[in-house]
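Architecture and fold: a report
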Amino acid sequence: MTNAPITQDVLTLPRKLPEGGPLNLVGLTRDQLRDALIAAGTPDKQAKMRVGQVWQWIYHWGVRDFADMTNLGKDYRALLAEHFTIAVPEVVTRQVSADGTRKYLLRIAGGHEVETVYIPEENRGTLCISSQVGCTLTCSFCHTGTQKLVRNLTAAEIVGQVMVARDDLGEWPKPGEPKDETRLVSNVVLMGMGEPLYNFDNVRDAMKVVMDGEGISLSRRRITLSTSGVVPEIARAAEEIGCLLAVSFHATTDAVRDTLVPINKRWNIETLLNALREYPRLSNSERITFEYVMLKGVNDSDADAKRLVKLIAGIPAKINLIPFNEWPGSPYQRSDWERIEAFADIIYKAGYASPIRTPRGEDIMAACGQLKSATERARKSRAAIEAEAGM
Ligand code: SAH
Ligand code: SF4
């Protein structure tokens, strides 16, 4: 006999429903949904069929009321309503930018708030979703990083952001109407608040739901996860999620990256690049996006551009240049436009795509790195931010 602790797989062992109110079905994996339906009294033999039916109602048709699940018997609908809910975050405010960008402030359990941003483009629409309330990391150029309050979002709250956006855009198919193939939310990026790889399991489960072909059905190539560089979880992301990867690179020396992206002190540039070399093979995807925020006089010289190209040699990559988006009290300035173009040019001539990301929704503070819940007033002073940035 060993004294090793007994670990229980909560997904398969206790077929009991939680006490204290109905269970939210949103965000459950297919296995978890099956267990929940069985725990509520669904005969084992019917479970597979029931999972398929309920799944389709929730994720294909966008139905929120069990009474509307018309291919289920009345008694079964009543049983479901007794034990379960289909709940998504509550929209507190919705702001629409002059450029069409929509920002949703959502309220989740505990009274916390997170933001989700919808960015319509010519041939696609990208939904930028959050993975945490705030962020435990403190990148010195990021507004979210100044927010003190942090909790991980549940899988339900992550999937719920996609569902809320589809509600608002009127994107659920309508029974009896011909299938409309245009997708308003055609892409999802995990680039809102939080570090997705610090909430790995919930992000993975949520993305599995979003990718499932019988529901929201977004291909894994239309989902991009952005990380600041949580090295041990990068290979896991490739294997367990398989979506595209973006990395907040932002600097070409450890000294500068230590101040901009402090997680670099734990996993430095070399360690990060080694992990990235493996990613495309493990995830069967083509390219990694290197995000690079353009900060005036900090990381935007020609020498930086040349170093960047050398560092990433051998990695299938595209470099996304992000003009810095200012926020109240931010300690940096955006690089001049000519500087950004000169930087982009060096990278482009070295053979890499180097798009400059157009800031979207700036008038409603919806641009990259500006998100922070509206009720979070405990702003650090400029001095505190600059001290952390080592300025
Ligand atoms: N935590 C993850 C994902 C969220 S941030 C990450 O750091 O990758 C999404 C992107 O916006 C990151 O590349 C981040 O570095 C960038 N960003 C943060 N603050 C910004 C700002 N003020 N201006 C421009 N980009 C910013
Ligand atoms: Fe967190 Fe990403 Fe902002 Fe850094 S850039 S503080 S990791 S949200």
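Remember, it's a predicted structure, so these values are computed and weren't measured experimentally.

Parameters and conventions
Residues numbered from 1 in each chain as written. Chains lettered and ligands numbered in written order. Predicted model: local features only at pLDDT ≥ 70, side-chain atom pairs only at ≥ 80, totals over all residues. Heavy atoms only, no water. Helix = DSSP H or I, 4+ residues; strand = E, 2+ residues; numbered from the N terminus. Expected span 1.5 Å × (residues − 1). Buried < 20%, exposed > 50% of the residue type's maximum accessible area, 1.4 Å probe, protein only. Arc of directions from axis to C-beta. Contact = heavy atoms within 4.5 Å. Core = buried A, V, L, I, M, F, W, Y, C linked by side-chain atoms within 4.5 Å. Domains from an automatic or database assignment. Near = heavy atom within 4 Å. Polar contact = N/O pair within 3.5 Å; in protein donor to acceptor, adjacent residues only side chain to side chain. Areas by Shrake-Rupley, 256 points an atom, 1.4 Å probe, with all protein chains shown as cover. Pairing = 2+ DSSP bridges. Axes fitted to C-alpha atoms, helices over the stretch in contact; angles between N-to-C directions. pLDDT = per-residue confidence, 0-100. Salt bridge = Lys/Arg side-chain N within 4 Å of Asp/Glu carboxyl O.

1. As for helix α10 (residues 337-349)
It helps to recall that an α-helix has 3.6 residues per turn; residues three or four apart then point in one direction. For α10, built from 13 residues, the straight-helix expectation of 18 Å at 1.5 Å per residue is met to within 8% by its first-to-last C-alpha distance of 18 Å. Buried within α10 we find Ile340, Phe343, Ala344 and Ile347. Considered in projection along α10, the buried side chains sweep an arc of 100 degrees and stay on one side of the axis. Along α10, exposed side chains directed more than 90 degrees from the buried face belong to Glu338 and Lys349. Among the structural elements, β12 (288-294), α9 (302-311) and β13 (317-323) are those in contact with the buried residues of α10. Once α10 ends, the next one or two residues include Gly351, with phi positive near 100 degrees.

2. Details of the environment of Ala109
Counting through the fold element by element, Ala109 comes out in the loop between β4 (102-108) and β5 (112-120). Classification of Ala109 by relative accessible area gives exposed; the value is 53%. For the pair Ala109 and Leu153, spaced 44 residues apart in sequence, the C-alpha separation works out to 9.6 Å.

3. Looking at the nonpolar core
Counting residues in each nonpolar core, the largest one holds 104 residues, and the members touching the most others are Phe141, Met207, Leu276 and Phe290. Examining the composition of this core, we find that 9 residues originate from one element, helix α4 (residues 155-169), more than from any other. Taken together, domain 1 (23-85) and domain 2 (90-389) each give at least three residues to this core, which thus spans both. In this view, Phe290 contacts Val247, Phe249, Leu273, Leu276, Ile312, Ile315, Ala317, Lys318, Ile319 and Asn320; residues no more than four positions away in its chain are not counted. The next biggest cluster of nonpolar side chains, apart from the first, holds 8 residues, and it includes Val117, Ala246, Ile364 and Ala366.

4. Some details on the site of ligand 1
What surrounds ligand 1 is a group of 20 residues, the closest being Phe141, Gly194, Ser226, Ser248 and His250. Take Ser248: an N or O atom from its side chain is 2.6 Å from an oxygen atom of ligand 1. Against a free-state accessible area of 530 Å², the protein chains account for coverage of 96% of ligand 1. Sorting the residues of the shell around ligand 1 by element identifies β10 (223-227) and β12 as the ones contributing at least two each.

5. Quick word on the sheet that holds β12
Spatial ordering of the open sheet is given by β3-β4-β5-β6-β9-β10-β11-β12-β13, a layout of 9 strands whose pairing is mixed. Here the strands that pair on one side only, and so sit at the sheet edges, are β3 (90-96) and β13. Each adjacent strand pair in this sheet contributes to an overall mean axis angle of 20 degrees, direction not counted. Of the strand pairs in this sheet, strand β11 (residues 244-248) and β12 are connected by 3 bridges, and their pairing is parallel. Considered in β12, the bridge of Ala246 is made with Thr289. Its contacts with the sheet put α4 on β3, β4, β5, β6 (125-128) and β9 (187-190), and the angle it makes with β4 is roughly 130 degrees. Against the sheet, helix α5 (residues 200-211) touches β9 and β10, its axis set at about 165 degrees to β10.

6. A look at the confidence of the model for the protein chain
Residues at a pLDDT of 70 or more form 90% of the protein chain, whose mean pLDDT is 89. Ignoring residues within four places in sequence, the model shows residues 1-14, a span with pLDDT below 50, making 5 contacts including any to other chains. Counted against residues more than four places away or in other chains, residues 375-386, with its pLDDT under 50, gives 25 contacts.

7. A short note on the pattern of salt bridges
Summed over the entire model, instances satisfying the criterion amount to 24 salt bridges. Asp212 is the partner of Arg30 in a salt bridge, and the nearest nitrogen-oxygen pair spans 2.8 Å. Of this pair, Arg30 sits in helix α1 (residues 30-39) while Asp212 sits in the loop between α5 and β10; the two residues are 182 residues apart in sequence, bridging distant segments of the chain. Between Arg151 and Glu157 there is a salt bridge; the shortest N-O distance is 3.0 Å. Relative accessible area serves as the criterion here: at 9%, Glu157 is assigned to the buried category.

8. Description of unusual backbone geometry
The phi angle at Ser217 is positive, at roughly 60 degrees, despite the residue not being glycine. A relative accessible area of 31% places Ser217 in the partly exposed class. Despite not being glycine, His250 has its phi angle at roughly 65 degrees, a positive value. Under the relative-accessibility criterion, His250 is labelled buried at 3%.

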